[in-house]
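# Descriptive analysis of the structure
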Amino acid sequence: MKRPYSYVVVQYVPDAGAAEFLNVGVIVYAQSDGFLRLQVDTRYERLSNAFADFDGSSYRRAMMNLRQTFQDARRRLSDAPLFEGDRKFAEWLRLLLPDLGASIQTTDIRHGVTADLDEETGLLFERMVTSRKAHVDERPRRDDADVWRQCEAHLTPAVKAHLTSKAFMTNR
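Below you will find a few notes about this structure.

About the cut-offs
- Residues numbered from 1 in each chain as written.
- Predicted model: local features only at pLDDT ≥ 70, side-chain atom pairs only at ≥ 80, totals over all residues.
- Heavy atoms only, no water.
- Core = buried A, V, L, I, M, F, W, Y, C linked by side-chain atoms within 4.5 Å.
- Buried < 20%, exposed > 50% of the residue type's maximum accessible area, 1.4 Å probe, protein only.
- Helix = DSSP H or I, 4+ residues; strand = E, 2+ residues; numbered from the N terminus.
- Contact = heavy atoms within 4.5 Å.
- Expected span 1.5 Å × (residues − 1).
- Arc of directions from axis to C-beta.

## Let's talk about the nonpolar core
- Counting residues in each nonpolar core, the largest one holds 24 residues, and the members touching the most others are Y12, I27, L47 and Y59.
- Looking at this core, the elements that each hand over two or more residues are strand 1 (3-12), strand 2 (22-30), strand 3 (35-40), helix 2 (56-79) and helix 3 (89-96).
- Per-element tally for this core: the top contributor is helix 2, with six residues.
- Those residues in contact with Y59 that lie beyond four places of it in its chain are Y12, V24, D41, T42, R43, Y44, L47, F54 and I104.
- In terms of nonpolar packing, the next biggest core, distinct from the first, is built from 12 residues, V28, L117, M128 and V129 among them.

## Section: unusual backbone geometry
- The residue D53 is not glycine, and still its phi comes out positive at about 60°.
- As for its placement among the helices and strands, D53 is situated in the loop between helix 1 (45-50) and helix 2.

## Points about helix 4 (residues 117-128)
- Taking 1.5 Å as the rise per residue, helix 4 with 12 residues should run 16 Å; its terminal C-alpha atoms sit 16 Å apart, in good agreement.
- Along helix 4, the residues that are buried comprise L117, E120, T121, L124, F125 and M128. Considered in projection along helix 4, the buried side chains sweep an arc of 140° and stay on one side of the axis.
- In this fold, the buried residues of helix 4 make contact with strand 1, strand 2, strand 3 and strand 5 (110-114).

Now the structure itself:
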């Protein structure tokens, strides 16, 4: 069964006066399902290529704050229902994003219907954000295992025999 949803596109706007922006994420909301999802791109190579004097650390910090705000909101769903009553999506956006600063903005609210809200969030993110990237020059990201395999390939068997696995943990 298809269900209605609302969404906005999250945009990076370095100078509102210049009216230039790049899409960096999506927020999807379906009140009937108690569904609220944020998907953002924290990689900023495309932004630094597009905008002179781009501050990557400030952008990454803003995206981390945005993610944390949404994680906190989702945690509160079990304590006090976020979707109780007839709140409009615009009201939730004002509550969750009171002032991210002028460089992070959202589009007007858009609407759709879908049978799978999680899948639709991914499709919207692909359509609005990742499809706009220049994939030609983009190198695939490597995880820890990929990095280790490359290093291990250069080690002799005698050195490998002396290696042991270690785990580092904090008190957090």
